[in-house]
Every structure is written in structure tokens, then in C-alpha cells.
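# Chain and residue survey
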Amino acid sequence: MNKKRLLESIKKELEWLADVEYKKGAKNFFIEKVVMMGVRVPNRRKVAKKYFGVMKNWSKSEIFEISEELMELQIGEYRTIVFEWVFRIKDRFEKKDFERWEKWIKKYVSNWGACDDFCTHTVGYFLARFPQFLPRLKMWAKSKNRWFRRAASVSLIYPVRREKKYLDEVFEIADILLTDSDDLVQKGYGWMLKEASNVYAKKVMDFVMKRKDKMPRTALRYAIEKMPEEWKRKAMKR
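Here we summarise the structure given alongside this text. (Residues numbered from 1 in each chain as written. Predicted model: local features only at pLDDT ≥ 70, side-chain atom pairs only at ≥ 80, totals over all residues. Heavy atoms only, no water.)

### Description of the nonpolar core
This is how the line gets drawn: As used here, the term nonpolar core means buried Ala, Val, Leu, Ile, Met, Phe, Trp, Tyr and Cys residues forming a set that is joined through side-chain atoms within 4.5 Å. Burial classes follow relative accessibility: with a 1.4 Å probe on protein chains only, a residue under 20% of its type's maximum area counts as buried, one over 50% as exposed, and anything between as partly exposed. Helix and strand definitions follow DSSP, with helices as H or I runs of at least four residues and strands as E runs of at least two, each counted in order from the N terminus. Any pair of residues with heavy atoms lying within 4.5 Å of one another is described as a contacting pair.
Trp85, Trp101, Trp104 and Leu193 are the most contacted members of the largest nonpolar core, which has 84 residues in total. If one sorts the elements of this core by residue count, helix α7 (residues 112-129) sits on top with nine residues. Beyond its immediate stretch of four places on either side in the chain, Trp85 contacts Ile10, Ala48, Tyr51, Phe52, Met55, Ile66, Ser67 and Leu70. In this structure, Ala26, Phe30, Val34 and Met36 belong to the second largest nonpolar core, which totals five residues.

Right, dumping it as C-alpha cells:
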């Protein structure tokens, strides 16, 4: 199947799977204006898996090329499919791909769903494999772009969850984002701290207690969500 036929087949299948009622409800999860066809996420992933079978022997550059062509359409379903494809070729990642990830976040990530889907999988795996790029997250955390700032934290979820390390980096990013006024950024770094607490509960609690008077309540609640009840009460007390 050539590229043109592949794109046409994906479009037709997604149109057939579209659910008008789901589309209406799904849009309520986003503050930003989102464009979607109305296909549920599990069905998107099935479509991604099906057509990856057609292109799995393509070169990485060919997969990136068709991926960017789909993402140019700025439709949620296509982004889900692309991020699924890219994660399926994670064993082919190279150091030079990091610049592409930065380009994709800047150009194609326009809501928290896309940010989390891409960064908790592809970017997170990349960082676990090539930890020398971890310092670049500090630049993201200082960006004017809210999605780079959220990405700086949620990209650490995969490494800290799978590798059970990188706590210093988690704390560094949390400190940079500590008083960020954007609630989606607050939720992002709070989520990162929550995941770190699964491995380093006491250290994360100590970190939170030293900063709880400066942390926005949204970030604080996320960070302590999995803590013992007694710890939660202590952290929430002003």
C-alpha cells in the first residue's frame, strides 16, 4: 500500500468509527479549541496498530514523514495515531531525534491530552534511554510556551516510574515550576511528584512540606494524592 492509499484508508476508517455524541462530550475536557472527528481513544489505537502493520518495515524517516503529514492536519485522532506509531519504533530512536521532539511539541502539541500522550511515552522513553538530555528539561520549564512547561514535568513520569530514579531531576523541575500560575502546568508537575511518591514517598513528602506555603493548592493536591491520610492532612494545613 503506498502512502496516498494509506492516508485515504485511515481517513475513511476514522470517519466510519466517528461517534457524534462522544465528540460533543470529549470536547468538554479541553479549555482550548480542539478539532476531532469523534473517535474513541481505544478505537484510534486499534487503527494505529492495524496500519502500523502495513508500514512497520518502512524506514524511520518514512514513518516520520507520514507522521508529520498527518499532524499538519491538526486533528486529534491523527495525533493519537502518530504518537502510537512513533512509540512502536522506540528501539530505533537516536540522539538526533530529540530536536524533532522539540519541534513537534512546539508545532503540533496544542492541548494537555496531546502533551501527555506524546511526553509520557515517546519523550519519557527517550529520556530514560538517553539521560544526557535531561538537563534540556530545565529550558523547557522556563519556556513561555505552556506546553513545553507541562512537558518538562510529565516527560519525567516514564523515567521515574520505570527506572525508579531521577528524583533529583524531578525536584529540580518542580522547583522551577513551583509558583507557575498556569493550572495545567501546576497539574503537570503535581502529577510528576505524585508518580515520584510511589517510589520515594518520604523524600517527596519532605520536599512538599518545605514548599507547601508557596505551592498552588492544585499542584499540592496532585502531589500528595497517594500519600497516607495523616500526611495529606499535615501537608494541606496552612
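### Observations regarding helix α11 (residues 167-177)
Convention followed: The arc refers to the directions leading from the helix axis to the C-beta atoms.
Residues Leu167, Val170, Phe171, Ile173, Ala174 and Leu177 constitute the buried set of α11. Within α11, the buried residues cover an arc of 165° as seen down the axis, which keeps them to one side. In this fold, the buried residues of α11 make contact with α8 (136-141), α9 (146-154), α10 (157-163), α12 (183-197) and α13 (201-211).

### Observations regarding the packing of aromatic side chains
Here is the rule: For this analysis, a ring pair means two rings from Phe, Tyr or Trp (six-membered ring only for Trp) whose centres lie within 6.5 Å, classed as stacked if their planes differ by under 30 degrees, edge-to-face if by over 60, and tilted for the remaining angles. Only lysine NZ and arginine CZ atoms are considered, and such an atom sits over a ring when it is within 6 Å of the ring centre and within 35 degrees of the ring normal.
The full count for this structure, using the stated rule, is 20 aromatic pairs. Ring geometry for Phe93 against Phe126: centres 6.5 Å apart, planes inclined by 50°, an arrangement best described as tilted. With Phe93 in the loop between α5 (76-88) and α6 (97-108) and Phe126 in helix α7, this pair connects stretches of sequence that are 33 residues apart. For Phe93, a relative accessible area of 3% puts it in the buried group. Sitting over the face of the ring of Phe87, Lys90 holds its NZ or CZ atom 4.5 Å from the ring centroid. Lying over the aromatic face of Tyr125, Lys90 brings its terminal NZ or CZ to 5.9 Å of the ring centre.

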